[in-house]
Amino acid sequence: PKAFLLENVKNLKGHDKGNTFKVIMRTLQDELGYTVYTKVIDARTMVPQHRERIYIVGFREPTVFEFPELPNLEPKVKDVLEENVDTKYTLTDNLWVYLQNYAAKHKAKGNGFGYGIADPNGVTRTLSARYYKDGAEILIAQRYKNPRRLTPRECARIMGYPDSFKIVCSDTRAYKQFGNSVVLPVVQQVAIQILESMR
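Since the model is a prediction, treat every value here as computed from it, not as a measurement.

1. A word on the nonpolar core
In this structure, Leu 127, Phe 178 and Val 186 are the most contacted members of the largest nonpolar core, which totals 32 residues. Going through the elements one at a time, β3 (52-59), α4 (152-158), α5 (171-180) and α6 (184-197) are the ones with two or more residues in this core. Examining the composition of this core, we find that four residues originate from one element, α6, more than from any other. Discounting residues that sit within four places of it in the chain, Leu 127 has contacts with Gln 49, Arg 51, Glu 137, Ile 138, Cys 155, Ile 158, Met 159, Phe 178 and Gly 179. Counting nine residues, the second-largest nonpolar core is a separate cluster that includes Phe 4, Leu 12, Met 25 and Ile 54.

Here is the structure:
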């Protein structure tokens, strides 16, 4: 292709002491002849989620490219929450006790593992593909009830999908797909910049 856009987890750069990334860059630049640019971008200015990802942009012809400065939309978790949420998303007593004990055990060992209660006026942790298991990394506090996990629609919103996007699969599959997805508005911004650079 004349240009490409790749996205991966931030830790790709450090995987196998940086060797994996070196092989990727060598393949793209030396073997395939692309001019390549990379940048780690955090989506938190566009969606209410702390999500750092490495973006790799390449051009077949020598091209000057700069990653866009993302607008700061000051997103907040409360902006993506649904009003009337089914009780099936509320954690059971057993799961809530388990998560609290698990967190306490790891805290005692000096580890940071555990659940995360989202600040409604802030941004969440990264939504992962394992979210379907217990929702521990992003929980929503509820009055007089155990916390709840995000609904699939809320996960779609936290990844920048419009409400017109149809979710036509089970919750489990939706959680996996959104956890593995790119953040749409960030990719849009980068793609626009790629097209501008090719004019």
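Don't stop here, the text continues.
2. Thoughts on the packing of aromatic side chains
Inspection of every chain in the model, using the stated rule, returns eleven aromatic pairs. Ring plane angle 50° and centroid distance 5.6 Å describe the contact between Phe 59 and Phe 65, whose orientation is recorded as tilted. Look at Phe 59 and you get buried, because its relative accessible area is 1%. Exposure remark for Phe 65: the relative accessible area of 5% places this residue in the buried category. Here the aromatic rings of Tyr 161 and Phe 178 are separated by 5.3 Å at their centres, their planes lie at 70°, and the arrangement is edge-to-face.

3. Overview of empty space enclosed by the protein
If you walk through the whole model with that rule in mind, you get one cavity of 30 Å³ or more. Taken together, Glu 7, Ile 41, Ala 43, Arg 51, Arg 53, Tyr 55 and Val 183 make up the lining of the largest cavity. In terms of residue class, the lining of the largest cavity is made up of four nonpolar, no polar and three charged.

4. Describing the side chain of Thr 151
Considering the arrangement of structural elements, one finds Thr 151 in the loop between β5 (145-149) and α4. Ignoring anything within four residues of it in the chain, the contact list for Thr 151 reads Glu 82, Val 85, Tyr 89 and Tyr 175.

5. Some points on the sheet that holds strand β2 (residues 35-42)
A sheet is described by the order of its strands in space; here three strands give the open sequence β1-β3-β2, paired in antiparallel fashion. Looking at strand neighbours, the two that pair on one side only are β1 (3-9) and β2, the edges of this open sheet. Averaged over all pairs of adjacent strands, the angle between their axes in this sheet comes to 20°, without regard to strand direction. In this structure, β2 lies alongside β3, joined through eight bridges in antiparallel fashion. Paired with Ile 41 across the strands is Arg 53, a residue of β3. The sheet contacts of helix α1 (residues 19-31) involve β1, β2 and β3, and relative to β2 the element is tilted by about 140°. Contacting β1, β2 and β3, α6 runs over the sheet at an angle of about 20° to β3.

6. Section: unusual backbone geometry
At Lys 17, a position not held by glycine, the phi torsion is positive, near 55°. Its location among the elements puts Lys 17 in the loop between β1 and α1. Look at Tyr 144: it is not a glycine, yet its phi comes out positive at around 60°.

7. A look at helix α2 (residues 93-108)
For α2, built from 16 residues, the straight-helix expectation of 22 Å at 1.5 Å per residue is met to within 8% by its first-to-last C-alpha distance of 23 Å. By the burial criterion, the buried members of α2 are Trp 96, Leu 99, Ala 103 and His 106. Along the long axis of α2, the arc covered by the buried residues comes to 100°, so they all point the same way. Of the exposed residues in α2, those oriented more than 90 degrees away from the buried face are Asp 93, Asn 94 and Ala 108. Where the residues of α2 are buried, they touch α3 (131-134), β4 (139-142) and β5. A positive phi of about 85° marks Gly 110, the residue just after α2.

Rules and cut-offs
- Residues numbered from 1 in each chain as written.
- Predicted model: local features only at pLDDT ≥ 70, side-chain atom pairs only at ≥ 80, totals over all residues.
- Heavy atoms only, no water.
- Core = buried A, V, L, I, M, F, W, Y, C linked by side-chain atoms within 4.5 Å.
- Buried < 20%, exposed > 50% of the residue type's maximum accessible area, 1.4 Å probe, protein only.
- Helix = DSSP H or I, 4+ residues; strand = E, 2+ residues; numbered from the N terminus.
- Contact = heavy atoms within 4.5 Å.
- Phe/Tyr/Trp six-rings, centres within 6.5 Å; stacked < 30°, edge-to-face > 60°.
- 1 Å grid on protein atoms, 1.4 Å probe; cavity = no way out; pocket = protein on both sides within 12 Å on 5 of 7 lines; lining within 4 Å.
- Points joined across faces, edges and corners; volume = space filled by probe spheres on them.
- Nonpolar A, V, L, I, M, F, W, Y, C, P; charged D, E, K, R; others polar.
- Pairing = 2+ DSSP bridges.
- Axes fitted to C-alpha atoms, helices over the stretch in contact; angles between N-to-C directions.
- Expected span 1.5 Å × (residues − 1).
- Arc of directions from axis to C-beta.

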